[in-house]
Amino acid sequence: MSEERLRRVRDRVRPFPDFPVPGVLFRDISPLLKDPAAFRTLLDLLEDHLRASFPHIDFIAGLDSRGFLIGPPLAQRLGIGFVLIRKKGKLPGPTESVSYALEYGKAELEIQSDAVEPGQKVVIVDDLLATGGTMSAACELMKRLKAEVLECLVIIELKLLKGSEKLKSIPFYSVLQYD
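Read on for a plain summary of the structure.

Basis of the calculations
Residues numbered from 1 in each chain as written. Predicted model: local features only at pLDDT ≥ 70, side-chain atom pairs only at ≥ 80, totals over all residues. Heavy atoms only, no water. Phe/Tyr/Trp six-rings, centres within 6.5 Å; stacked < 30°, edge-to-face > 60°. Helix = DSSP H or I, 4+ residues; strand = E, 2+ residues; numbered from the N terminus. Buried < 20%, exposed > 50% of the residue type's maximum accessible area, 1.4 Å probe, protein only. Lys NZ or Arg CZ within 6 Å of the ring centre and 35° of its normal. Lys, Arg positive; Asp, Glu negative; His and termini not counted. Salt bridge = Lys/Arg side-chain N within 4 Å of Asp/Glu carboxyl O. Polar contact = N/O pair within 3.5 Å; in protein donor to acceptor, adjacent residues only side chain to side chain. Contact = heavy atoms within 4.5 Å. Pairing = 2+ DSSP bridges. Axes fitted to C-alpha atoms, helices over the stretch in contact; angles between N-to-C directions.

1. Looking at the packing of aromatic side chains
Line of reasoning, step 1. Applying the stated criterion across every chain yields a total of 2 aromatic pairs.
Line of reasoning, step 2. Between F68 and F82, the ring centres sit 6.2 Å apart and the planes meet at 90°, which makes this aromatic pair edge-to-face. Linking F68 in helix α4 (residues 67-78) with F82 in strand β4 (residues 81-87), this pair joins segments that are 14 residues apart in sequence.
Line of reasoning, step 3. A residue is classified by how much of its surface remains accessible, and F68, at 21% relative accessible area, is partly exposed.
Line of reasoning, step 4. The residue whose ring lies beneath R27 is Y178, and the NZ or CZ to ring-centre distance is 3.7 Å.

Structure, rendered in structure tokens:
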């Protein structure tokens, strides 16, 4: 991964202090999405990483909602499909769901029951890993469908929150890391 390409992506992540609550430094990817060259560079980095790491991937699974921004173009580049992992109540037909704890309560994720077949190889993508609760819940959904999670992949990792520890033995990759 070249430093120049990383810098191009990092320079388009904007910090917002005290959002959404005092004491939180929010990392905003809106400028990255607005800049076609920087967004293309991000996709290049992710594609290069996945091609070098895994000879076969069946699907990219994206987390609601920012995983939907990077997952489909990445899947297109790899010539594979994309599956949705949504907040509860947003998907038609039979679904699997899992509850998980948030700092301020509980949430639920779900996936369509026929989204993946047993044994299929999946990479789960999102924009950010903080505490790891959402990503861990997504991994649990894939486990229930008997899919193999090859890796959890994010643009930004907030290292201080140790979210990757919640993923246990599932490989994890982040493009940018912040303390």
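2. So, the side chain of E151
Line of reasoning, step 1. Topologically, E151 is positioned in strand β8 (residues 148-158).
Line of reasoning, step 2. No salt bridge is formed by the buried E151. Its closest oppositely charged neighbour is R51, at 13 Å.
Line of reasoning, step 3. A polar contact is formed between the side chain of E151 and the side chain of H49, at a distance of 2.7 Å.
Line of reasoning, step 4. Those residues in contact with E151 that sit more than four places away from it in its chain are H49, L50, F54, V122, V123, I124, P171, F172 and Y173.

3. Comments concerning the sheet that holds strand β6 (residues 105-112)
Line of reasoning, step 1. With mixed pairing, 7 strands are arranged side by side in an open sheet as β5-β6-β4-β3-β7-β8-β9. Two strands in the sheet have a free side with no partner beyond their single neighbour: β5 (95-102) and β9 (172-178). Neighbour-to-neighbour, the strand axes of this sheet turn through a mean angle of 20°, independent of strand direction.
Line of reasoning, step 2. Together, β3 (59-63), β4, β7 (121-129) and β8 form the strand contacts of α4, whose direction differs from that of β4 by roughly 165°.
Line of reasoning, step 3. The strands touched by helix α5 (residues 133-144) within the sheet are β3, β4, β5, β6, β7 and β8, with β5 carrying the most contacts at an inclination of about 155°.

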